[in-house]
Amino acid sequence: MKKFIKCAVIRMIKTMCQTAIGIIGASTLISEVDWITCASAVGMAGILSILTSIVGGLPEVDYDLDEEDEDYE
């Protein structure tokens, strides 16, 4: 579970950064960036990233039992 959370948070941060770069890059000048819209889109991207990770899983996480979970077999 710890690995899933760590990977999901890393993926969320990357997604949020990519969204911010896209929105900021679409403006001609840094002073023309609508920061409220940018923050809103970045937040929504983070939420959607976490939800997608929960529903679809993460390819970098092995969902087989860990060594700690083998006691339950």
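Parameters and conventions
Residues numbered from 1 in each chain as written. Predicted model: local features only at pLDDT ≥ 70, side-chain atom pairs only at ≥ 80, totals over all residues. Heavy atoms only, no water. Salt bridge = Lys/Arg side-chain N within 4 Å of Asp/Glu carboxyl O. Helix = DSSP H or I, 4+ residues; strand = E, 2+ residues; numbered from the N terminus. Buried < 20%, exposed > 50% of the residue type's maximum accessible area, 1.4 Å probe, protein only. Contact = heavy atoms within 4.5 Å. pLDDT = per-residue confidence, 0-100. Axes fitted to C-alpha atoms, helices over the stretch in contact; angles between N-to-C directions. Parallel < 35°, antiparallel > 145°, perpendicular 65-115°, else oblique. Left-handed = near helix turned anticlockwise from the far one by under 90°. Nonpolar A, V, L, I, M, F, W, Y, C, P; charged D, E, K, R; others polar.

A. The pattern of salt bridges, seen in detail. Throughout the structure, instances matching the rule amount to 1 salt bridge. Residue R11 is joined to E60 by a salt bridge in which the shortest nitrogen-to-oxygen separation is 3.0 Å. One end of the pair, R11, is in helix α1 (residues 2-25); the other, E60, is in the segment after α2 (35-56), and 49 residues separate them in sequence. By relative accessible area, E60 is classed as partly exposed at 35%.

B. Structural detail: the side chain of S53. Structurally, S53 can be placed in helix α2. Of the residues examined, S53 reaches a relative accessible area of 2% and is grouped as buried. Setting aside its immediate chain neighbours within four residues, S53 contacts F4, A8, R11 and L58.

C. Geometry of the confidence of the model for the protein chain. Taken as a whole, the protein chain shows an average pLDDT of 85; of its residues, 85% reach a score of 70 or greater. Here residues 69-73 is a poorly scored stretch, pLDDT under 50, and it has 1 contact once near neighbours within four places are set aside; other chains count.

D. Inspection of the packing of α1 against α2 at higher detail. Running from amino to carboxyl end, α1 crosses α2 at an angle of 150 degrees, the nearest separation of the two axes being 8 Å. As far as their axial angle goes, α2 and α1 are roughly antiparallel. Considering how the two elements wind past one another, α1 and α2 form a crossing that is right-handed. Between α1 and α2, the contacting residues are F4, A8, R11, M12, T15, M16, T19, A20, I23 and I24 on the first element and W35, C38, A41, V42, A45, G46, S49, I50, S53 and I54 on the second. Residue composition of the contact of α1 with α2, grouped by class: 14 nonpolar, 5 polar and 1 charged.

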